[in-house]
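Commentary on secondary and tertiary structure
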Amino acid sequence: MGTVVDDAASVEFHDFFERHYAELARLAHLLTGESDAADDLAADALLAMWHRWDRVRAADHPVAYARGVVANLARSRIRSAVRERRRVTLFWSQRDESSENPDVPAMVDVQGALRSLPFRKRACVVLRHAFDLSEKDTALALGISVGTVKSQTSKGMAELQRLLGSADGPSRVHAAVLRTGGAGGRNP
């Protein structure tokens, strides 16, 4: 995992952190387009550098190394997000059901509420309640554990009920997705 770093190295790393953290966070933001993730990626990169600080500080260009670590972490994050979206899209694209005389205001309300949920909660709710997938199939589609599916679905439904002001969230989610052709987010 790395070697023990002495006090002088600790001071040196702290100085490096103070001088370059903002730049690395800005780089992460520009690479991912996600301001929330940028701070995390910069911190993760600096943590990785701290674990190997004895080798990094001996390098000719430690800042270049740090930028490379941030770029690799950003690439991994983007690839992971793309894989997750593809898995969800696969299930959304397999449905081709529609409904006569849709309740457009209800659809707009449900779709707006769904969009306000974080992606993983939204995906769990839609796959479980709109596509009637089992917890196991939902976990497989999203690449997460069954326990995470249970927790994210429960929390997502609670948020939807709060946002929609009703206890019939599952049936409204199901109806809204069916009325949009099963695309889970296409506009009516």
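Overview of the structure. Here the structure is a predicted model, which means the values were calculated and not measured.

**Overview of the nonpolar core**
- Ranked by internal contacts, the top residues of the largest apolar core, which has 21 residues, are Leu114, Val125, Leu127, Phe131, Leu142 and Leu160.
- At the level of elements, helix 5 (104–116), helix 6 (119–130), helix 7 (135–142) and helix 8 (146–164) are the ones that each hand at least two residues to this core.
- Ranked by residues supplied to this core, first place goes to helix 6 with six residues.
- The next biggest cluster of nonpolar side chains, apart from the first, holds 19 residues, and it includes Ala45, Leu46, Val56 and Val70.

**What to know about the pattern of salt bridges**
- Within this structure, the stated rule accounts for five salt bridges.
- Of the charged contacts in the structure, one is a salt bridge between Arg67 and Glu23, with a shortest N-O distance of 2.6 Å. A residue pair is termed long-range when its members are at least 10 positions apart, and Arg67 in helix 4 (residues 62–93) and Glu23 in helix 1 (residues 7–32) qualify at 44 residues.
- Glu23 sits in the partly exposed class, given a relative accessible area of 23%.
- Where Glu34 meets Arg77, a salt bridge forms, and the shortest distance between an N and an O atom there is 3.0 Å. With Glu34 in the loop between helix 1 and helix 2 (35–51) and Arg77 in helix 4, this pair connects stretches of sequence that are 43 residues apart.
- Classification of Arg77 as partly exposed rests on a relative accessible area of 38%.

**Topic: helix 6**
- A rise of 1.5 Å per residue sets the reference length of helix 6, with its 12 residues, at 16 Å; its end C-alpha atoms lie 15 Å apart and thus fit the reference within 8%.
- By the burial criterion, the buried members of helix 6 are Lys121, Arg122, Ala123, Cys124, Val125, Val126, Leu127 and Ala130.
- Once helix 6 ends, the next one or two residues include Asp132, with phi positive near 55°.

**Observations concerning the packing of helix 7 against helix 8**
- Contact pair helix 7 / helix 8: the axes reach a minimum separation of 8 Å and the direction vectors enclose 100°. The orientation of helix 7 with respect to helix 8, classified from their angle, is roughly perpendicular. When helix 7 is examined against helix 8, the residues Glu135, Lys136, Thr138 and Ala139 are found in contact with a partner set consisting of Val146, Val149 and Lys150.
- Considering only residue class, the contact of helix 7 with helix 8 consists of three nonpolar, one polar and three charged.

**Focus on the packing of helix 6 against helix 8**
- At their nearest, the axes of helix 6 and helix 8 sit 8 Å apart, and the two run at 95° to each other. Between helix 6 and helix 8, the angle falls in the class roughly perpendicular. Within the contact between the two elements, helix 6 uses Arg120, Lys121, Cys124, Val125, Arg128 and His129 and helix 8 uses Thr148, Val149, Gln152, Thr153, Lys155, Gly156, Met157, Glu159 and Leu160.
- Looking at the contact of helix 6 with helix 8 residue by residue, the class counts come to five nonpolar, five polar and five charged.

**Considering helix 2**
- Taking 1.5 Å per residue as the helical rise, helix 2 with its 17 residues ought to reach 24 Å, and the 25 Å between its terminal C-alpha atoms agrees with that figure.
- Of the positions making up helix 2, those classed as buried are Ala37, Ala38, Leu41, Ala42, Ala45, Leu46 and Met49. Along the axis of helix 2, the buried residues cluster in a sector spanning 165°; they form a single face.

**A short note on the packing of aromatic side chains**
- The final tally for this structure, using the stated rule, is four aromatic pairs.
- Geometrically, the ring pair formed by Phe13 and Trp50 is tilted, given 4.9 Å between the ring centres and 50° between the ring planes. Of the two residues, Phe13 is situated in helix 1 and Trp50 in helix 2; the sequence distance between them amounts to 37 residues.
- We classify Phe13 as buried; its relative accessible area is 10%.

Parameters and conventions
- Residues numbered from 1 in each chain as written.
- Predicted model: local features only at pLDDT ≥ 70, side-chain atom pairs only at ≥ 80, totals over all residues.
- Heavy atoms only, no water.
- Core = buried A, V, L, I, M, F, W, Y, C linked by side-chain atoms within 4.5 Å.
- Buried < 20%, exposed > 50% of the residue type's maximum accessible area, 1.4 Å probe, protein only.
- Helix = DSSP H or I, 4+ residues; strand = E, 2+ residues; numbered from the N terminus.
- Salt bridge = Lys/Arg side-chain N within 4 Å of Asp/Glu carboxyl O.
- Expected span 1.5 Å × (residues − 1).
- Axes fitted to C-alpha atoms, helices over the stretch in contact; angles between N-to-C directions.
- Parallel < 35°, antiparallel > 145°, perpendicular 65-115°, else oblique.
- Contact = heavy atoms within 4.5 Å.
- Nonpolar A, V, L, I, M, F, W, Y, C, P; charged D, E, K, R; others polar.
- Arc of directions from axis to C-beta.
- Phe/Tyr/Trp six-rings, centres within 6.5 Å; stacked < 30°, edge-to-face > 60°.

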